[in-house]
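Examining the three-dimensional arrangement
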Amino acid sequence: TLLILAARIGDVALAQIALGGSEIAQVDDHGWAALHYAATQADGALAGVLLAAGADPTQPTRKRHTAARTPFPKGATAKDIARALGVTAVLERLA
């Protein structure tokens, strides 16, 4: 979806546009939702937008997937992903 693409590339403005027509919990072929990808972004702004729109921080990934050269198991949450990558800005928003 456009929302997942926006999250994958870290585009906050595009994510805000996409929120109007996307299911926030929808996952892609890798089993990841937009918030999972947002957890890989350094500044945390995108995660904040998604959380404000109702993204579930406890939603688990549905498949094993590698992001930012780090493998994540099925069942990882956005917090697990941010913690593994050391993305403190996202961790602060998920606290």
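This text goes with the structure placed above it.
In this report, we go over the structure that sits alongside the text. (Residues numbered from 1 in each chain as written. Predicted model: local features only at pLDDT ≥ 70, side-chain atom pairs only at ≥ 80, totals over all residues. Heavy atoms only, no water.)

What follows is about the overall build of the protein. For the protein, the helix and strand inventory stands at six helices and two strands. Its C-alpha atoms give the protein a radius of gyration of 11 Å, within 12% of the compact-globule value 12 Å for 95 residues. With respect to the principal axes defined by its C-alpha atoms, the protein has extents near 30 × 25 × 20 Å. Burial analysis of the protein (95 residues in total) assigns 43% to the buried set. Just so you have it, the protein exposes about 4900 Å², and 51% of that area is on carbon and sulfur atoms. In the protein, the 9 positive side-chain charges and the 8 negative ones have mean positions that sit 8 Å from each other. (Helix = DSSP H or I, 4+ residues; strand = E, 2+ residues; numbered from the N terminus. Rg over C-alpha atoms; globule rule 2.2 N^0.38 Å. Buried < 20%, exposed > 50% of the residue type's maximum accessible area, 1.4 Å probe, protein only. Areas by Shrake-Rupley, 256 points an atom, 1.4 Å probe, with all protein chains shown as cover. Lys, Arg positive; Asp, Glu negative; His and termini not counted. Charge placed at Lys NZ, Arg CZ, Asp CG, Glu CD.)

This paragraph deals with the pattern of salt bridges. In the structure shown here, the tally under the stated rule is one salt bridge. Here R83 makes a salt bridge to D80, at a shortest N to O gap of 3.6 Å. Here R83 and its partner D80 are both found in helix α5 (residues 78-85), three residues apart, which amounts to about one turn of the helix. With relative accessibility at 48%, the residue R83 sits in the partly exposed group. Exposure remark for D80: the relative accessible area of 33% places this residue in the partly exposed category. (Salt bridge = Lys/Arg side-chain N within 4 Å of Asp/Glu carboxyl O.)

Inspection of the secondary structure assignment puts G21 in the loop between α2 (12-18) and α3 (34-38). For G21, a relative accessible area of 71% puts it in the exposed group. In this structure, the C-alpha to C-alpha distance between G21 and L5, residues 16 residues apart in sequence, is 13 Å.

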